[in-house]
Amino acid sequence: MTTVHVTEDTINQARVLRDELQRFLREYEFGMREVETKISILRDEFTHDHAYNPIEHVKSRLKSPDSIVEKIARKGIDEPDFDRIRAEITDIAGVRVTCSFVADVYRLFDLLTAQDDVTVRTVKDYIAHPKANGYKSLHAIIEVPVFLSTGALSVPVEVQFRTIAMDFWASLEHKIYYKFSNQVPSHLVDSLSDAADAAAELDSRMERLHREAHGVPQRQLAPAPPPAPTAIPDAPTDPRVVGV
């Protein structure tokens, strides 16, 4: 067995790196909490003032150091430091909002991004323009201010909006691709595509039933006009989007 001599200086350097990493991740945790608070306020307001809650549930996650390292490798980032990671990786903090209906997805997106302290960086509307495998969701990278003892810091957070049906489909699709290590048999891929169509039909039918049951005019529930196809995946058309 080989004995490795570790000096006090080496230990101190490791501690400094650990502390820097923890501070780096805390910034994103704080940004994630800010977004969660904004969504929670909207949910409570809808529940108490409008007797209707468009939000079914909210989940959040912070990428682990291992996941960040994997993404650095996938993006081919050479000699990464924390500033480079901040600039290149914008989904370290993520919040997923599951809504009742497609119209609620667009409504929540508009309400959240219309707030004065929210800056929209990119929007990818996979509801209007689904991925080839049938995946649907509305993705937005937004920036929110976090006020620390050292001053204000703008933190990017990825927010995904989807319906219950979209969320169920995406969860199942992820499990299947994980099971087969991304080498999914073609018949299962075809079945997933069919299931995506069925989920979209279910969304449409349930929204129509909701509208008829509550006497809500269609114009109130209709989603906002989708962005032009060129907005997927890179060129956002939302006038609030800055600095892609």
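Look up: the structure comes first, before these words.
To start, this report covers the structure provided alongside it. This one's a predicted model, so the numbers in the text were calculated from it and none came from an experiment.

**Considerations on the environment of Arg61**
Working step 1: For Arg61, the location among the structural elements is in strand β1 (residues 55-62).
Working step 2: A relative accessible area of 33% places Arg61 in the partly exposed class.
Working step 3: Between the alpha carbons of Arg61 and Arg96 there is a distance of 8.6 Å; along the sequence they are 35 residues apart.
Working step 4: When near neighbours in sequence (up to four residues on either side) are disregarded, Arg61 contacts Met32, Asp91, Ile92, Ala93, Gly94 and Glu158.
Working step 5: Polar side-chain contacts of Arg61 include one of 3.0 Å to the backbone oxygen of Asp91.
Working step 6: There is a polar contact of 3.1 Å between the side chain of Arg61 and the backbone oxygen of Ile92.

**Points about the layout of surface pockets**
Working step 1: Of the volumes computed, that of the largest pocket is approximately 1,500 Å³.
Working step 2: Forming the walls of the largest pocket are 43 residues, and the residues nearest its centre are Arg61, Asp91, His139, Glu158 and Gln160.
Working step 3: Secondary-structure elements contributing two or more residues to the lining of the largest pocket are β1, α2 (65-75), α3 (82-88), β2 (93-99), β3 (119-125), β4 (138-148), β5 (151-163) and α5 (164-179).
Working step 4: Top contributing element to the lining of the largest pocket by residue count: α5, with seven residues.
Working step 5: Of the residues contributing to the lining of the largest pocket, the split by class is 13 nonpolar, twelve polar and 18 charged.

**A closer look at the sheet that holds β5**
Working step 1: The strand order β1-β2-β5-β4-β3 describes an open sheet built from five strands, whose pairing is mixed. Whereas interior strands pair on both sides, the edge strands pair on one side only; in this sheet they are β1 and β3. The sheet shows a mean angle of 25° between the axes of neighbouring strands, direction not considered.
Working step 2: Where β2 meets β5, six bridges bridge the pair, whose relative direction is parallel.

**As for empty space enclosed by the protein**
Working step 1: Enumeration according to the criterion identifies one cavity of 30 Å³ or more in this entry.
Working step 2: Within this model, the largest cavity holds a volume of roughly 50 Å³.
Working step 3: Elements with a contribution of two residues or more to the lining of the largest cavity: α5 and α6 (186-214).
Working step 4: A total of three residues in the lining of the largest cavity trace back to one element, the largest contributor, which is α6.
Working step 5: When the residues that make up the lining of the largest cavity are grouped by side-chain class, the tally is five nonpolar, one polar and one charged.

**A closer look at the pairing of β2**
For a regular strand, side-chain orientation follows a simple rule: the groups alternate between the two sheet faces.
Working step 1: Burial within β2 is extensive, with six of its seven residues counted as buried.
Working step 2: Relative to β2, β1 runs antiparallel, the two sharing seven bridges. Counterpart to His57 in the pairing with β2 is Thr98.

**A closer look at the side chain of Asp125**
Working step 1: One can find Asp125 in strand β3.
Working step 2: Despite its burial, Asp125 remains without a salt bridge, the nearest opposite charge being carried by Lys136 at 9.0 Å.
Working step 3: A distance of 2.9 Å separates the side chain of Asp125 from the side chain of Tyr106, its partner in a polar contact.
Working step 4: A polar contact is formed between the side chain of Asp125 and the backbone nitrogen of Ile127, at a distance of 2.9 Å.

**Section: the packing of aromatic side chains**
Working step 1: All chains considered together, the criterion is met by four aromatic pairs.
Working step 2: Across the ring face of Tyr126, the terminal group of Lys131 is positioned such that the distance to the ring centre comes to 5.0 Å.
Working step 3: Residue placement shows Lys131 over the ring face of Tyr135; its charged tip is 5.1 Å from the ring centre.

**Quick notes on the nonpolar core**
In a soluble, globular protein the nonpolar side chains are often hidden away together inside.
Working step 1: If you look at the biggest cluster of nonpolar residues, it comprises 38 residues, and the most contacted ones within it are Ile142 and Phe161.
Working step 2: Mapped onto this core, the elements with two or more residues apiece are α1 (8-49), α2, β2, α4 (102-113), β3, β4 and β5.
Working step 3: No other element matches α1, which puts seven residues into this core.
Working step 4: With sequence-adjacent residues up to four places away left out, Phe161 is seen in contact with Val97, Val105, Leu108, Phe109, Leu112, Ile127, Ser137 and Leu138.

What counts, and where the lines are drawn
All residue numbers refer to positions counted from 1 along the written sequence of the respective chain. Under the rules for a predicted model, residues below a pLDDT of 70 receive no local features and side-chain atom pairs below 80 are neither given nor counted, while totals for whole chains, interfaces and linings still include all residues. Calculation of side-chain values draws on the structure's entire complement of heavy atoms; hydrogens and water are dropped beforehand. Helix and strand labels come from DSSP, where a helix needs a run of H or I of at least four residues and a strand needs a run of E of at least two; each type is numbered from the N terminus. Only protein chains enter the calculation, and the probe is 1.4 Å; a residue is then buried if its accessible area is under 20% of its type maximum, exposed if over 50%, and partly exposed in between. By definition in these notes, contact holds between two residues if any of their heavy atoms fall within 4.5 Å. Polar contact is defined as a pair of N or O atoms within 3.5 Å, subject to the rule that within protein one atom must be able to donate a hydrogen and the other to accept it, and that residues adjacent in sequence are counted only when both atoms are side-chain atoms. A pocket here means an open set of points on a 1 Å grid, computed over the protein atoms alone, that has protein on both sides within 12 Å along at least five of seven lines. A cavity is instead a set of points where a 1.4 Å probe fits but cannot get out; residues with an atom within 4 Å of a point line either one. Grid points are joined across faces, edges and corners, and a volume is the space filled by probe spheres set on the points. When residue character is reported, Ala, Val, Leu, Ile, Met, Phe, Trp, Tyr, Cys and Pro are called nonpolar, Asp, Glu, Lys and Arg charged, and the others, Gly included, polar. Here the rule is simple: two strands pair whenever DSSP picks up at least two bridges between them. Between N-to-C directions, angles cover 0 to 180 degrees, with each direction set by a line fitted to C-alpha atoms, over the stretch in contact for helices. The charged-residue count follows a simple rule in which Lys and Arg add positive charge and Asp and Glu add negative charge, with His and chain termini not counted at all. Salt bridge, as applied in this entry: a Lys or Arg side-chain nitrogen positioned within 4 Å of an Asp or Glu carboxyl oxygen. Classification of ring pairs rests on two measures: the distance between centres of Phe, Tyr or Trp rings, Trp counted by its six-membered ring, which must be within 6.5 Å, and the angle between planes, read as stacked under 30 degrees, edge-to-face over 60 and tilted in between. Whether a charge sits over a ring depends on NZ of Lys or CZ of Arg being within 6 Å of the ring centre and within 35 degrees of the ring normal. What we call a nonpolar core is a set of buried Ala, Val, Leu, Ile, Met, Phe, Trp, Tyr and Cys residues that are connected through their side-chain atoms within 4.5 Å.

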